[in-house]
Amino acid sequence: MNTIYFDNNATTRVAPEVVEEMLPCFTEDYGNPSSMYRFAKKAADRLALARQRIADLLGASPEEIIVTSCGTESDSTAIYAALRSNPSKKHIITSRVEHSAIKNLCEYLARKGYRSTFVPVDKKGMPDLDYLYDHLTDDTAIVSMMWANNETGVLFPVEEIAKNLKEKGIVFHTDAVQAVGKIPIDLKESSIDMLSLSGHKLHAPKGVGALYVRKGTKFSPFLIGGHQEANRRGGTENVASIVGMGKAAELAAAHIADENSRVRQLRDRLEKGLLKQIPDSLINGDPENRLPNTSNLSFEYIEGESILLMMDELGICASSGSACTSGSLEPSHVLRAMGVPYTAAHGSVRFSLSIYNTQEEVDYAVEKLPPIIQRLREMSPFWKQ
Ligand code: PLP
């Protein structure tokens, strides 16, 4: 049975070109990039090229890129950088639909003497910007709003928010872990101060990420140690993975048009095929303003996790918007914040595609899924026969 992988917002296949570029870092040019001799210079050169490629994908300069161990570390670094370099300010603003990397950190900080404000979203998952601006105070150290939502793909107007905050002198960070490589980003023309990304969402390995910090932004390191990353993040660099992330960034720049045309068409074909055949099914989020690869669908009156298990039997991988916590199925905080009714939130499934998906895979899913949903509904006490 072949695997049909529709879970690319969870993680992605490492591109073969990325693996190829990484291999010599383990076996040939394995020096420590901080060492003095010429042999180590090869690793340092590889690192420099990777940093340049990451910067190029973002329209940034290499000195503005700090390499980290993951998207979560990039997010923590950004928030702590703002708080530590403005110690008198104790207020953070974020949204109600952030990934746990930001959500749980802001909740934690709220228990540790800071104040966190969570901006609500509307039915489509778009943030209430009046609420955001109304809650700014002289005490606000940072605003952090995600660029693309990991569950629905909904895109926040981060450029507009950043511009407004710049005028007020407030630092703006965006968690762009799901956006980078999927939509064009050009930080040259933007007011965004900090931006997080993660390698494994763009066909690089897991366990490597980056934080963009605009030149001139006040910064204080999160990992304190050696002088690596221009004294901004201690720890010997994970050279192979960073080199992989650099290659992945180069490939993403080349594939972005494909992502926005072919991948989008595949996603739309999947979505239309399913919605047409399955009654009481709907799109969660803004159907227009979202990532080209993501479709979050609700099949009412059944559990998303049951759908996933039956899809797994067919080799199809996707995610559900409900998670089993302490024996009961809880709809995700994202769908709850959007006010998706429980009957729909429970039956939500996220399909996230990549350049490696094919029309045959989409057509297979469109053929196999409707009978699965029908069978589960026949077993559901909530389904009206
Ligand atoms: N932010 C968003 C929006 C994500 O989707 C993820 C991962 O799913 C992260 C942050 C965390 O990234 P990492 O897994 O590299 O720590």
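What counts and how
Residues numbered from 1 in each chain as written. Predicted model: local features only at pLDDT ≥ 70, side-chain atom pairs only at ≥ 80, totals over all residues. Heavy atoms only, no water. Domains from an automatic or database assignment. Buried area = accessible area lost by both parts, 1.4 Å probe. Polar contact = N/O pair within 3.5 Å; in protein donor to acceptor, adjacent residues only side chain to side chain. Helix = DSSP H or I, 4+ residues; strand = E, 2+ residues; numbered from the N terminus. Pairing = 2+ DSSP bridges. Salt bridge = Lys/Arg side-chain N within 4 Å of Asp/Glu carboxyl O. Buried < 20%, exposed > 50% of the residue type's maximum accessible area, 1.4 Å probe, protein only. Lys, Arg positive; Asp, Glu negative; His and termini not counted. Axes fitted to C-alpha atoms, helices over the stretch in contact; angles between N-to-C directions. Contact = heavy atoms within 4.5 Å.

Section: the domain arrangement of the protein
As far as domains go, the protein holds domain 1 (4–10 + 256–378) and domain 2 (16–252). Here the C-alpha centroids of domain 1 and domain 2 sit 28 Å apart. Of the roughly 2300 Å² buried where domain 1 meets domain 2, counting both sides, 56% is carbon and sulfur surface. Together, I256, L291 and M338 form the three largest contributors to the area buried by domain 1 at its contact with domain 2, with a combined 25%. Here domain 1 and domain 2 share 14 residue pairs in polar contact (both at pLDDT 80 or more) between them. Among the elements of the structure, helix 8 (239–277), strand 10 (294–299) and helix 10 (333–337) are those that each provide at least two residues to the side of domain 1 that touches domain 2.

A closer look at the sheet that holds strand 9 (residues 281–283)
Taken together, the 4 strands give an open sheet; going across it, the order is 9-10-15-12, and neighbouring strands pair in antiparallel fashion. Across the chains shown, the open sheet's two edge strands, defined by having one partner strand only, are strand 9 and strand 12 (319–320).

Considering the pattern of salt bridges
If you walk through the whole model with that rule in mind, you get 18 salt bridges. A salt bridge links R53 to E21, with the shortest nitrogen-to-oxygen separation between them at 2.8 Å. Taken together, the residues span a long stretch of sequence, with R53 in helix 2 (residues 38–58) and E21 in helix 1 (residues 16–27) at a distance of 32 residues. What makes R53 buried here is its relative accessible area of 14%. Of the charged contacts in the structure, one is a salt bridge between D45 and K41, with a shortest N-O distance of 3.0 Å. With D45 and K41 both in helix 2 and 4 residues apart, the pair spans about one turn of that helix. Exposure remark for D45: the relative accessible area of 40% places this residue in the partly exposed category. Note on K41: relative accessible area 47%, which makes it partly exposed. Each of the salt bridges in this network shares a partner with another, and the network as a whole consists of E21, R53, K247 and E250.

Here's the deal with the side chain of D175
Within the element layout of this structure, D175 appears in strand 6 (residues 171–175). With no salt bridge to any partner, buried D175 finds its closest opposite charge in K201, at an N-O distance of 8.9 Å.

Focus: the sheet that holds strand 6
An order of 2-8-7-6-5-3-4 is seen for the 7 strands of this open sheet, with the pairing classed as mixed. Single-partner strands in this sheet number two, and they are strand 2 (65–68) and strand 4 (115–119). Each strand of the sheet is rotated relative to its neighbour by a mean of 20 degrees, with strand direction disregarded. Where strand 2 and strand 8 (residues 209–213) come together, 4 bridges link them in antiparallel fashion. Its bridge partner being in strand 8, I65 is matched across the sheet by Y212. Together, strand 2, strand 7 (194–198) and strand 8 form the strand contacts of helix 2, whose direction differs from that of strand 2 by roughly 115 degrees.

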